[in-house]
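Chain residues, written in single-letter form:
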Amino acid sequence: MSGSIDTAAQAAVPAPAPAQDVAALAGKYMTFKLADEEYGLQILKVREIIGLMDITRVPRTPEHVRGVINLRGKVIPVVDLRQKFGMPPCEATDQTVIIVVQYAIGERTLTMGILVDQVLEVRQIQAGAIEPPPPSLGDAAIDSACILGVGKTDKRVVFLLDIGRALGASADCAAAAA
Amino acid sequence: MSGSETRAGAADLLEELAAAVMAADPSDATAVGGLVALLERLAAAAAGTHPDVRVEAVGQVGRLCAAVEDGPGALSRALDDACEATARMQEAIAREPAPAGGGAAATRVEPGRAASRVERDGETIGLFGEFLGESAEGLAQVDRILMNVESDEPIREAVDSLFRVFHTVKGTAGFLELEDVVALAHVAESMLNACREGSLALRGEILDLVFDATAALRNQLEAVRVAVERSVAFPRATAEVEALVRRIEAATGGDAAEERRPASAVGGAGVGEALAAAPQALRARPRATAEPDAAVKLKDTIKVDVERVDSLVEMIGELVVVESMVENAPEIAGASSVRVRNCLAQLAKVTRDLQDVGMRMRMVPVAGTFQKMARLVRDLARKSGKQVRLVTSGEATEMDRSMVEQIADPLVHMIRNSMDHGLEAPAERAAAGKPPAAAIRLSAYHEGGSVVIELADDGRGLDRDRILQKAVEKGLVAAADGMTDAEIHALIFAPGFSTARAVTELSGRGVGMDVVRRNIEAMRGRISISTARGRGTTFKLVLPLTLAIIDGMLVACGEERYIVPTLSIVESIKPDPAMLVTLARSAEMINLRGEILPLLRMDRLFATRGAKARATEALVVVVEGAGRRVGILVDEVVSQQQVVIKTLGAGLRGTPFVSGAAILADGRVGLILNVDELAGLVDRKLPARAQGNVPVTPAALPAPRSPAEVQA
């Protein structure tokens with residue numbers, strides 16, 4: 001199981017620049033909510049979902065790094081995706097969860113927790129329902145390169161995230177500043 | 001002859017051997033003769049009691065003989081090998097002073113034939129197990145070398161190693177009377193020898209033959225394993241093997257054929273005779289056992305990836321934490337059921353035992369490293385013309401494997417330093433009324449939860465005035481004002497310091513001692529000196545038992561908990577108002593019995609909430625890192641505990657002031673403070689951290705600086 005995740009993660013990093021064939025993006029996505037927006041993660045990058053637990057704050061790290069948690073003996077960082085995307089923070093609710101994702105950056109395989117407001121479902125998104133990402137995202141704190149595409153189902157819009165790109169930057173800024 | 005006499009003999013012979021190996025001169029090939037004779041006597045003496053020692057001894061004879069042919073370089077390496085092997089053998093004897101108990105000796109004198117046969121069987125099986133394991137390793141090495149040879153031009157070293165593997169296999173197999181294995185290994189060895197001498201080239205058909213021989217040997221060994229495990233006779237060589245032997249012979253040319261099936265297959269000339277008694281023991285083996293189906297298990301060792309061992313140890317660490325969480329859970333703690341209580345007690349015990357086993361898996365004795373030092377001392381003594389005796393003790397003290405490797409370099413530096421600076425020339429010693437031969441004592445022992453390695457010489461001791469003069473010359477200090485002896489002695493660890501009057505081959509150019517200290521500190525260890533003028537100097541290294549676990553002090557600071565490594569804590573005190581001083585109303589300091597130390601407020605540095613504001617209500621933990629002392633202000637010390645060190649996770653590399661994390665008893669993550677970095681704050685600016693969410697207040701810094709400068 002973990003092997004297949006590794007390969008998938010590794011294969012996906014040099015993968016599709018936004019303008020490329022969106023048909024290749026068809027597949028299963030785990031969708032979650034931040035405020036009233038809906039996002040999707042490639043299912044192979046999701047390792048597990050855990051309830052909110054005690055997060056140990058790590059001093060002098062970027063704002064969006066909430067700290068570290070004990071994932072069955074492994075210490076992993078947790079990123080608050082709202083803050084990472086420049087959205088206002090909010091109090092945790094009983095819906096708040098940590099999605100544990102694994103992806104590769106260069107040689108390193110990173111395991112990270114991302115704090116999201118609510119997990120929705122695992123959904124199959126067909127090629128025909130995926131649009132390429134908008135070329136520019138204006139003032140948003142998120143780079144359009146982090147969006148693989150935009151899925152449309154049931155009149156709803158799901159932003160398909162390239163989690164490696166979205167978080168990779170945050171992982172690096174802690175390291176680069178050291 | 002009683003068993004205990006044999007053992008005493010083996011132990012004595014080993015002592016003698018250890019001394020002889022250390023004294024052996026690699027440039028003098030005749031010295032090896034004595035060693036070989038000793039090893040043969042040892043093999044004979046250990047025959048009935050320590051099969052593994054016997055195998056090791058025989059193997060060493062083969063290696064030494066091969067090395068003599070290869071010249072001084074190879075011999076020097078072989079002697080190093082022999083040194084380590086001697087340590088292993090001593091250990092083996094020490095570990096099992098009476099392998100079969102007192103009964104072994106008794107059965108031997110009693111007429112009970114059956115009993116003695118059973119005992120021999122067990123011993124023989126042990127021998128085969130060792131042989132098979134070693135040979136498999138050797139053949140794996142052959143495979144690796146062959147792969148490289150195929151791609152590159154064959155180099156001399158590769159041929160040498162190939163030769164050595166076949167030679168070793170042949171030697172041990174001959175001793176175990178595996179004639180077919182010997183025949184094959186022998187012709188392969190002869191062929192490789194021809195390659196070494198240049199009459200054959202290791203390529204094309206010859207290379208194929210080596211491949212075939214390796215494969216065939218592996219099959220033969222597997223057959224031997226099966227035969228031993230099933231207690232049946234060894235199969236005869238197959239026609240293919242015999243054909244292969246003939247092909248190899250044909251390829252090698254005439255002279256190998258004459259040598260075929262030598263009278264004594266073992267490398268050294270006299271070894272076969274010395275061990276003549278052994279084969280009888282071996283012949284009594286498998287077939288003689290009553291039930292042919294009784295599965296005999298060969299004692300086997302495996303090489304395991306260090307990473308796997310680490311992950312096992314790590315998981316055991318987690319188990320310990322989870323176990324204590326279960327035990328302390330209110331629901332469980334309140335349970336009155338006897339059964340639950342018993343199960344819990346059992347669980348606790350098993351967990352502790354498991355932790356013990358896990359810790360021991362990575363531990364090895366320091367003996368190997370100590371013996372390397374013995375050779376070093378001998379070499380240096382000869383070069384410097386000083387008479388030096390190295391006395392070691394506590395070789396059996398165990399440490400984490402990686403640390404045993406890491407202390408070798410610092411020890412080499414320190415010994416060089418002692419020999420060059422500390423020990424006087426014989427004439428000077430005589431003038432001081434000392435015996436002409438100087439002594440260096442190297443000892444290892446446990447103290448509390450740490451391992452201590454002590455290096456003591458009986459030389460002239462540190463010269464306070466010369467150190468000081470040198471330090472002033474080098475601009476390390478301005479003057480001696482108010483410096484204690486200890487502080488002056490510590491100057492020898494300063495970078496670029498060297499008091500040697502002339503730069504010698506021995507102690508180099510003053511890069512030694514500061515590197516020593518850095519290496520020791522990198523292992524989270526500490527080094528201290530005690531010295532007496534004219535009587536000698538002692539360096540004491542205090543090292544943690546393992547790199548995976550540290551003793552930590554859990555301190556509270558507001559809502560947060562941090563772990564301070566106990567080894568870097570000097571003391572902790574509740575400060576008196578009179579002890580607290582400020583500079584420019586911001587830089588706080590503490591006057592600790594006349595020593596002014598900067599005071600770091602953890603809550604300001606880390607922006608934690610709810611910490612005690614008044615220093616007098618809080619606690620000052622004085623830590624030492626990177627050679628500096630600094631006081632850290634915390635609310636209280638919560639507990640002292642051992643923690644398993646973990647990284648902060650790949651995404652958080654390079655986080656300042658935190659060296660790692662650990663799972664605390666309540667399952668939360670605790671951060672381990674990097675004391676070196678905290679202490680380093682004292683004299684350098686904070687690194688600029690533009691994205692940091694924590695503005696650093698000047699008060700957190702010991703010296704007053706404007707905020708702008710801090711941020712810059």
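Parameters and conventions
- Residues numbered from 1 in each chain as written.
- Chains lettered and ligands numbered in written order.
- Predicted model: local features only at pLDDT ≥ 70, side-chain atom pairs only at ≥ 80, totals over all residues.
- Heavy atoms only, no water.
- Core = buried A, V, L, I, M, F, W, Y, C linked by side-chain atoms within 4.5 Å.
- Buried < 20%, exposed > 50% of the residue type's maximum accessible area, 1.4 Å probe, protein only.
- Helix = DSSP H or I, 4+ residues; strand = E, 2+ residues; numbered from the N terminus.
- Axes fitted to C-alpha atoms, helices over the stretch in contact; angles between N-to-C directions.
- Parallel < 35°, antiparallel > 145°, perpendicular 65-115°, else oblique.
- Left-handed = near helix turned anticlockwise from the far one by under 90°.
- Contact = heavy atoms within 4.5 Å.
- Nonpolar A, V, L, I, M, F, W, Y, C, P; charged D, E, K, R; others polar.
- pLDDT = per-residue confidence, 0-100.
- Pairing = 2+ DSSP bridges.
- Salt bridge = Lys/Arg side-chain N within 4 Å of Asp/Glu carboxyl O.
- Phe/Tyr/Trp six-rings, centres within 6.5 Å; stacked < 30°, edge-to-face > 60°.
- Expected span 1.5 Å × (residues − 1).
- Patch = residues over 30% accessible without salt bridge, like charges linked within 9 Å, V, L, I, M, F, W, Y side chains within 5 Å.
- Areas by Shrake-Rupley, 256 points an atom, 1.4 Å probe, with all protein chains shown as cover.

*Asks:* Teacher, can you tell me more about the nonpolar core here?
*Replies:* All names here are of chain B. Among the nonpolar cores identified, the biggest contains 50 residues, and Phe-131, Phe-166, Leu-178, Leu-184, Leu-202 and Ile-248 are the most heavily contacted of them. Among the elements of the structure, helix H3 (51-70), helix H6 (113-151), helix H7 (156-175), helix H8 (179-197), helix H9 (205-230) and helix H10 (239-252) are those that each provide at least two residues to this core. Val-404, Ala-408, Leu-423 and Leu-462 belong to the second largest nonpolar core, which has 47 residues in total.

*Asks:* Just checking my understanding: could you explain the packing of H7 of chain B against H8 of chain B for this structure?
*Replies:* To characterise two packed helices, one gives the angle between the axes of the helices and the distance between these axes. All names here are of chain B. Contact geometry of H7 with H8 gives a least axis separation of 8 Å together with a crossing angle of 155 degrees. Judged on the interaxial angle alone, H8 and H7 are roughly antiparallel. With respect to the hand of their crossing, H7 and H8 are arranged in left-handed fashion. For the pair formed by H7 and H8, the contact residues are Arg-156, Val-159, Asp-160, Leu-162, Phe-163, Phe-166, His-167, Val-169, Lys-170, Ala-173 and Gly-174 on the first element and Val-181, Val-182, Ala-185, His-186, Ala-188, Glu-189, Leu-192, Asn-193, Cys-195 and Arg-196 on the second. In the contact of H7 with H8, the residues fall into twelve nonpolar, four polar and five charged.

*Asks:* What is the right way to look at the confidence of the model for chain B in this model?
*Replies:* Segments scoring low in pLDDT should not have their predicted coordinates read at a detailed level. All names here are of chain B. Per-residue pLDDT for chain B has a mean of 74; in total, 78% of the residues score no lower than 70. Contacts for the low-pLDDT stretch residues 98-120, under 50 throughout, to residues beyond four places or in other chains number 14 contacts. Between residues 684-712, whose pLDDT stays under 50, and residues either more than four places distant or in other chains, the model counts 59 contacts. Taken together, the chains of this predicted complex give a pTM of 0.50 and an interface ipTM of 0.77.

*Asks:* Could you clarify how one ought to interpret the pairing of strand E8 (residues 549-557) of chain B in this entry?
*Replies:* Each regular strand shows side chains that alternate between the opposite faces of the sheet. Residue and element names in this part refer to chain B. The element E8 is largely enclosed, with a buried count of eight among its nine residues. Bridge count for E8 against strand E16 (residues 636-644) is eight bridges, and the pairing is antiparallel. Counterpart to Leu-554 in the pairing with E16 is Ser-639. Examined bridge by bridge, E8 and strand E9 (residues 560-565) share six bridges and lie antiparallel to one another. Along E9, the bridge assignment pairs Cys-557 with Glu-560. If you look at the hairpin formed by E8 and E9, you'll find two residues sitting between the two strands, and Gly-558 has a positive phi there, around 60 degrees.

*Asks:* Help me understand the pattern of salt bridges, please; the structure alone is not making it clear to me.
*Replies:* Between side chains of opposite charge, a pair can form as their charged atoms come close. For the structure on display, the rule yields 29 salt bridges over all chains. Linking Arg-668 of chain B and Asp-54 of chain A is a salt bridge whose minimum nitrogen-to-oxygen distance equals 4.0 Å. Of this pair, Arg-668 of chain B sits in the loop between strand E17 (658-663) and strand E18 (669-673) while Asp-54 of chain A sits in the loop between strand E3 (46-51) and strand E4 (65-71), placing the two residues on different chains. Between Arg-218 of chain B and Asp-143 of chain B there is a salt bridge; the shortest N-O distance is 2.8 Å. Within this pair, whereas Arg-218 of chain B is found in helix H9, its partner Asp-143 of chain B is found in helix H6, the two being separated by 75 residues in sequence. Given the relative accessible area of 22%, Asp-143 of chain B is considered partly exposed. Within the structure, one salt-bridge network assembled from shared partners comprises Glu-38, Glu-121, Arg-123 and Arg-156 of chain A.

*Asks:* Sorry if this is basic, but what is going on with the sheet that holds E8 of chain B here?
*Replies:* Paired through backbone hydrogen bonds, the strands of a sheet run either parallel or antiparallel to each other. Residue and element names in this part refer to chain B. On the basis of which strands lie adjacent, the open sheet formed by five strands has the order E16-E8-E9-E18-E17 and mixed pairing. Whereas interior strands pair on both sides, the edge strands pair on one side only; in this sheet they are E16 and E17. When the angles between neighbouring strand axes are averaged without regard to direction, this sheet yields 35 degrees.

*Asks:* Hey, could you run me through the packing of aromatic side chains in this one?
*Replies:* Note on aromatic pairs: each is described by the distance of the centres and the angle between the planes. Residue and element names in this part refer to chain B. Applying the stated criterion across every chain, the model contains six aromatic pairs over all chains. Between the aromatic rings of Phe-493 and Phe-539, the centroid separation amounts to 6.5 Å while the plane-to-plane angle is 75 degrees, which identifies the pairing as edge-to-face. In this pair, Phe-493 is assigned in the loop between helix H21 (485-490) and helix H22 (512-522) and Phe-539 in strand E7 (residues 536-544), connecting sequence segments 46 residues apart. We note that Phe-493, like Phe-539, is buried. Ring geometry for Phe-606 versus Phe-657: centroids 6.1 Å apart, planes at 40 degrees, classification tilted. Here Phe-606, found in helix H23 (residues 602-606), pairs with Phe-657, found in the loop between E16 and E17; they are 51 residues apart in sequence, far enough to count as distant. For the pair Phe-606 and Phe-657, one class covers both residues: buried.

*Asks:* I would appreciate a short explanation of unusual backbone geometry in the present structure.
*Replies:* With glycine set apart, most residues show a phi of negative sign, and most peptide bonds adopt trans. Residues and elements named next belong to chain B. Backbone geometry at Arg-593 places phi at a positive 45 degrees, although glycine is not the residue there. Accessibility expressed as a relative area gives 68% for Arg-593, which makes it exposed. A positive phi angle, near 70 degrees, is found at Phe-657, a position not held by glycine. Residue classification places Phe-657 among the buried residues on the basis of a relative accessible area of 2%.

*Asks:* Help me understand helix H17 (residues 367-384) of chain B in this model?
*Replies:* Because the α-helix completes a turn every 3.6 residues, residues three or four places apart line up on one side. With 18 residues, H17 of chain B extends 25 Å from end C-alpha to end C-alpha; this agrees with the ideal 26 Å at 1.5 Å per step. Among all positions in H17 of chain B, only Ala-367, Thr-369, Phe-370, Gln-371, Met-373, Ala-374, Arg-375, Leu-376, Val-377, Arg-378, Leu-380 and Ala-381 of chain B are buried.

*Asks:* Is there a simple way to explain the confidence of the model for chain A in this structure?
*Replies:* Residue and element names in this part refer to chain A. Mean pLDDT over chain A stands at 79; residues scoring 70 or higher make up 82%. The least confident element of chain A, judged by mean pLDDT, is helix H1 (residues 2-12) at 40; the most confident is E3 at 93. In the predicted structure, residues 1-19 sits below a pLDDT of 50 and forms 27 contacts with residues beyond four places in sequence or in another chain. Contacts from residues 171-178, a stretch scored under 50 in pLDDT, to residues over four places away or in other chains number 18 contacts.

*Asks:* What is the right way to look at a nonpolar patch on the surface in this model?
*Replies:* A cluster of nonpolar side chains, contributed by Leu-312, Val-357 and Met-361 of chain B, occupies part of the molecular surface with about 240 Å² of accessible area. For Leu-312 of chain B, the position within the fold is in helix H14 (residues 306-328).

*Asks:* Hey, could you run me through the packing of H8 of chain B against H10 of chain B in this one?
*Replies:* All names here are of chain B. The interhelical angle for the contact between H8 and H10, taken along N-to-C directions, is 20 degrees, at an axis separation of 9 Å. Taken as axis vectors, H8 and H10 run roughly parallel relative to one another. Viewed along their axes, H8 and H10 form a crossing whose handedness is left-handed. Between H8 and H10, the contacting residues are Leu-184, Val-187, Ala-188, Ser-190, Met-191 and Ala-194 on the first element and Val-241, Leu-244, Val-245, Ile-248, Glu-249 and Thr-252 on the second.

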